[in-house]
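Listed below are the residues making up each chain.
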Amino acid sequence: PSGAPETAFSPRAEREALEVAPLFQLALRHPCRVAAADRLTANRAAAMRSIGACLESASERGRQADVGGIVASFEAQARGMAHCEGCAIFILDQGVSGPGKRLVRFPADIARDEPTTVVIDDPAAAANGKSALPYGFLGFSAVKRQLLSISDLAADGRGNPSFDCVPGQSSDTKSLLCVPFDNVSTGEPCGVALLVNKLDDEDGLGFGEEDEGLMFSLLKVVGMAVESWNLRSEIERERGRRQRRAV
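Residues numbered from 1 in each chain as written. Predicted model: local features only at pLDDT ≥ 70, side-chain atom pairs only at ≥ 80, totals over all residues. Heavy atoms only, no water.

Student: Help me out: how do you make sense of the side chain of Asn197 in this one?
Tutor: Within the secondary structure, Asn197 is located in strand S6 (residues 189-198). There is a polar contact of 2.7 Å between the side chain of Asn197 and the side chain of Glu85. Beyond its immediate chain neighbours, meaning those up to four positions away, Asn197 contacts His83, Cys84, Glu85, Gln169, Ser171, Asp172, Thr173, Lys174, Ser175 and Phe207. (Helix = DSSP H or I, 4+ residues; strand = E, 2+ residues; numbered from the N terminus. Polar contact = N/O pair within 3.5 Å; in protein donor to acceptor, adjacent residues only side chain to side chain. Contact = heavy atoms within 4.5 Å.)

If you want it as structure tokens, here you go:
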């Protein structure tokens, strides 16, 4: 009836809208691509600045053999790059072979605080473990050298909250990202980075491919820094041995 409120487009209006829809799609395609490219470029530029800051810090602290300070600097940059609550970088203890492999996280002030050690392949602990992954996703990622991204740790049910967390986090782990990294020269396992609780996670999907790519780039530099520190430590040990033999 005349004067009744319209609840839908008329057939003619709907037909005309459908006819011009492809024009709108074509007109928006380029601005959308530019906007996406600009965001990606901005993120990559920020990542390069972060990696540059890490290199500068690693160079300075490397002269002081301050591995704790080097790792803390990388952890802080990783938190900013991935927009997450916490990050812990664990180094694989190369002095242990066979069962009993350990991950070590060096504190920022190694002279004051003790390193955190995590055993990741104790057969007895694995046999008694109640979860599918007794060492959590952290241990699984380190042993299998696999990148893992979990959007909801509780819903997944396979992890271990005692392992899948970082020191100082204020809430339970919901989302996590484990990224193993290697020695740049030899390709041997070097360690694993654990990032927890993506902050800008409105869709509930956790960490994404962009975060993974940024962490791969950053952790290549971490691997170089750890390799350099190991070499420096070995040189210092050899120097000490020679001095003792000379006495």
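Student: Looking at this model, I keep getting lost on the sheet that holds strand S3 (residues 116-119). Mind explaining?
Tutor: Within a sheet, adjacent strands bond to each other through the backbone by hydrogen bonds, running parallel or antiparallel. Read across the open sheet, the 6 strands follow the order S3-S2-S1-S6-S5-S4; overall the sheet is antiparallel. Here the strands that pair on one side only, and so sit at the sheet edges, are S3 and strand S4 (148-150). Ignoring strand direction, the axes of neighbouring strands in this sheet form an average angle of 20°. Pairing geometry for strand S1 (residues 84-92) and S6, over 7 bridges, is antiparallel. Its bridge partner being in S6, Phe90 is matched across the sheet by Val192. Here helix H4 (residues 136-144) sits on the sheet in contact with S1, strand S2 (102-105), S4, strand S5 (176-182) and S6, set at roughly 25° to S5. (Pairing = 2+ DSSP bridges. Axes fitted to C-alpha atoms, helices over the stretch in contact; angles between N-to-C directions.)

Student: I'm lost on unusual backbone geometry in this one. Help?
Tutor: Trans is the prevailing form of peptide bonds, just as negative phi is the prevailing case for residues other than glycine. With a phi angle near 55°, His83 is a residue other than glycine that sits in the positive phi range. With respect to the helices and strands, the residue His83 is situated in the loop between helix H2 (67-82) and S1. A positive phi is found at Arg145, a non-glycine position, where the angle reads about 60°. Checked against the element boundaries, Arg145 lands in the loop between H4 and S4. Accessibility expressed as a relative area gives 39% for Arg145, which makes it partly exposed. (Buried < 20%, exposed > 50% of the residue type's maximum accessible area, 1.4 Å probe, protein only.)

Student: So what exactly am I meant to see when it comes to the packing of aromatic side chains here?
Tutor: Ring pairs (aromatic) are described by centroid distance and by the angle formed between their planes. Within the structure shown, the criterion is met by 1 aromatic pair. With a centroid separation of 6.0 Å and 85° between ring planes, the pair formed by Tyr135 and Phe163 is classed as edge-to-face. One end of the pair, Tyr135, is in the loop between helix H3 (123-128) and H4; the other, Phe163, is in the loop between helix H5 (153-156) and S5, and 28 residues separate them in sequence. (Phe/Tyr/Trp six-rings, centres within 6.5 Å; stacked < 30°, edge-to-face > 60°.)

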